[in-house]
Amino acid sequence: MSDIKVQKILVSQPRPAAERNPYSVMAEHYGVQFDFKQLIRVVGITTREFRDQRINPLEYTAILFNSRTGIDYFFHMMSELRIQIPESMHYYCISEAVGNYLQKYIQFRKRRVFFGPNNKFEDVIPAMTRRPNERYLLACSDVHNDDVINMFAEYGIEIKPMICYRTETVEYKKKELDNYDMYVLFTPTGVSALKQNLPNFAKKQGDKIMACFGASTAKAIEAEGWKLHIAAPTPECPSITTAIDHFLARQAEEAEQNN
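Residues numbered from 1 in each chain as written. Predicted model: local features only at pLDDT ≥ 70, side-chain atom pairs only at ≥ 80, totals over all residues. Heavy atoms only, no water.

**Quick look at the overall build of the protein**
- Of the regular secondary structure elements, the protein holds 11 helices and 11 strands.
- Here the C-alpha coordinates of the protein stretch approximately 70 × 35 × 35 Å along the principal axes.
- Across the protein, contacts joining residues at least 24 apart in sequence account for 70% of those joining residues at least 6 apart.
- A total accessible area of about 14,700 Å² is found for the protein, and carbon and sulfur atoms account for 46% of it. (Helix = DSSP H or I, 4+ residues; strand = E, 2+ residues; numbered from the N terminus. Contact = heavy atoms within 4.5 Å. Areas by Shrake-Rupley, 256 points an atom, 1.4 Å probe, with all protein chains shown as cover.)

**Some details on the pairing of strand β5 (residues 90-93)**
- Here β5 shows no split at all, with His 90 and Tyr 92 on one side and Tyr 91 and Cys 93 on the other all buried.
- Examined bridge by bridge, strand β4 (residues 62-65) and β5 share four bridges and lie parallel to one another. What sits directly across from Ile 63, in β5, is Tyr 91.
- After leaving β4, the chain enters helix α3 (residues 68-80) and then returns to the sheet as β5, a path that is right-handed.
- Once you follow β5 into helix α4 (residues 96-101) and on to strand β6 (residues 113-115), the crossover reads as right-handed. (Buried < 20%, exposed > 50% of the residue type's maximum accessible area, 1.4 Å probe, protein only. Pairing = 2+ DSSP bridges. Right-handed = clockwise from strand over helix to strand, strands pointing away.)

**Examining the sheet that holds strand β11 (residues 230-232)**
- Taken in spatial order, the five strands of this open sheet run β2-β1-β9-β10-β11, and their pairing is parallel. Because the sheet does not close on itself, it has two edges, and the strands there are β2 (33-36) and β11. Strand-to-strand twist in this sheet, taken as the mean axis angle between neighbours without regard to direction, amounts to 15°.
- As paired strands, strand β9 (residues 182-185) and strand β10 (residues 209-213) are joined by four bridges and run parallel to one another. Residue pairing in the sheet places Val 184 in a bridge with Ala 211 of β10.
- Of the strands in this sheet, β9 and β10 are in contact with helix α10 (residues 215-223), which crosses β10 at around 145°.
- Across the sheet, helix α11 (residues 240-258) is in contact with β1 (8-11), β2, β9, β10 and β11; its angle to β11 comes to roughly 150°. (Axes fitted to C-alpha atoms, helices over the stretch in contact; angles between N-to-C directions.)

**Side note on the nonpolar core**
- Core analysis: the biggest nonpolar cluster contains 26 residues, and Phe 65, Phe 74, Phe 75, Tyr 91, Leu 102 and Met 162 have the highest contact counts within it.
- Mapped by element, the contributors of at least two residues to this core are β4, α3, β5, β7 (136-141) and β8 (159-169).
- A total of five residues in this core trace back to one element, the largest contributor, which is α3.
- Apart from residues no more than four positions distant in its own chain, Tyr 91 is found in contact with Ile 63, Phe 65, Phe 75, Ile 85, Leu 102, Ile 106, Arg 112, Val 113 and Phe 114.
- Core analysis: the second largest hydrophobic core is formed by 22 residues, Val 184, Ala 232, Ala 243 and Phe 247 among them. (Core = buried A, V, L, I, M, F, W, Y, C linked by side-chain atoms within 4.5 Å.)

**Observations regarding α10**
- Within α10, burial applies to Thr 217, Ala 218, Ala 220 and Ile 221. Down the axis, α10 shows its buried residues gathered within 160° of arc, on one side only. Facing away from the buried side of α10 by more than 90 degrees, the exposed set consists of Ala 215, Lys 219, Glu 222 and Ala 223.
- Looking at the buried positions of α10, the neighbouring elements they touch are β9, α8 (188-197) and β10.
- Phi turns positive, to about 85°, at Gly 225, one or two residues after α10. (Arc of directions from axis to C-beta.)

**Some details on the state of the cysteines**
- A full pass over the atoms with the stated rule returns zero disulfides.
- Cys 212 supplies the cysteine sulfur nearest to Cys 237, a cysteine that is in no disulfide, at a spacing of 12 Å.
- The class of Cys 237 is buried, set by a relative accessible area of 6%. (Disulfide = S-S within 2.5 Å.)

**So, the pairing of β10**
- Counting buried positions along β10 yields four of five residues, so the element is predominantly enclosed.
- Handedness of the crossover joining β10 and β11 through α10 is recorded here as right-handed.

**Let's talk about the pattern of salt bridges**
- Within this structure, the stated rule accounts for six salt bridges.
- Across the salt bridge formed by Asp 72 and Lys 104, the nearest N and O atoms sit 3.5 Å from each other. Separated by 32 residues along the polypeptide, Asp 72 in helix α3 and Lys 104 in the loop between α4 and β6 bring together distant segments of the chain.
- Note that Glu 224 is salt-bridged to Lys 195, the shortest N-O span being 3.1 Å. Here Glu 224, found in the loop between α10 and β11, pairs with Lys 195, found in helix α8; they are 29 residues apart in sequence, far enough to count as distant.
- For Glu 224, a relative accessible area of 25% translates into the label partly exposed.
- The partly exposed category is assigned to Lys 195, whose relative accessible area is 37%. (Salt bridge = Lys/Arg side-chain N within 4 Å of Asp/Glu carboxyl O.)

See the structure below:
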């Protein structure tokens, strides 16, 4: 535990839409303050940047989506280029929520939209192996790792990444970010954005608490030389809010014992 009582916490995500949410419950229970500040923003690429990839979507029979953002920017680009995606196109999605979002752009039919129960691309591999002649595109950002592509390659499935959008760092004044007791990060890109805003954080972290969700985010934090205190998911804490709650509960217990 840190010697400094955590009171102000920066969460690098948008504020939850629901007024009552895990963060608001913790704020009320522990008397802490959560501020929601996005460190990165997503913007679409230009039609020229898309063409420079020399990818013709009509030469492929299937598209993989790992987010609703990817769906939005893909279909926006197709509209800009006046490319009509055929009804025969198959869609493989990382989750049911992402798959259902396709209804915004296509006439939804189960026989051409595939997703699994566990929010993992591994879940759609059985459906993919039943179609050995399928040609796959992965709609993604300019910052993506090859873990998914390599995972499919182990099954003999070739995936072509297709950049549809990019992430940019949101710039803040130093005083807007350096007065927090805890930082909660969710992506390696968010780690890079915090470093860009606070380039000396590794030297001046001190007792500031670093929390993150995801193994790749944890790896990025450790690569920067920052001390990581809270990581999720774990068997005990499947969500980042659960992990933060456990930390704040221990802090409250220690404070009570010291009084």
